[in-house]
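If you want the building blocks of each chain, they are given just below.
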Amino acid sequence: MLKVSQSHQTAQNYVEDLEQTMQALNYFPERYRKTPSGKYRRVNFKKYAIFYFIENDTVHIIDVILASSSTVFKY
């Protein structure tokens, strides 16, 4: 069952933390391992997985999904 925060501030803080995690990929994005396919990298944020690749010194985020999802295995 999905829990929804009743606090606007809690939700805002969660999104800000997620954004900070993604922004941090601008610094040493290679520190995270490649996925089994070798095409992408993955960083975890709380219960989510952020998938990205690096091209010409640019980090491209392709997906943010619930880490327990079976969708994780497509990468």
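As recorded by an unreviewed UniProt entry, the protein chain carries the name Type II toxin-antitoxin system RelE/ParE family toxin and is attributed to Lactobacillus crispatus.

Q: Got a minute to help me understand the sheet that holds strand β1 (residues 41-45) in this structure?
A: Strand pairing in a sheet takes place through backbone hydrogen bonds and is either antiparallel or parallel in direction. The antiparallel open sheet is built from three strands, whose spatial order is β1-β2-β3. Two strands close off the open sheet at either side, each with one partner strand: β1 and β3 (58-66). For this sheet, the mean angle separating the axes of adjacent strands, direction not counted, is 25 degrees. Here β1 runs beside strand β2 (residues 48-55); their pairing, made up of five bridges, is antiparallel. Pairing of valine 43 across the sheet is with isoleucine 50, part of β2. Together, β1, β2 and β3 form the strand contacts of helix α1 (residues 8-23), whose direction differs from that of β1 by roughly 150 degrees.

Reading the values: the criteria
- Residues numbered from 1 in each chain as written.
- Predicted model: local features only at pLDDT ≥ 70, side-chain atom pairs only at ≥ 80, totals over all residues.
- Heavy atoms only, no water.
- Pairing = 2+ DSSP bridges.
- Helix = DSSP H or I, 4+ residues; strand = E, 2+ residues; numbered from the N terminus.
- Axes fitted to C-alpha atoms, helices over the stretch in contact; angles between N-to-C directions.
- Contact = heavy atoms within 4.5 Å.

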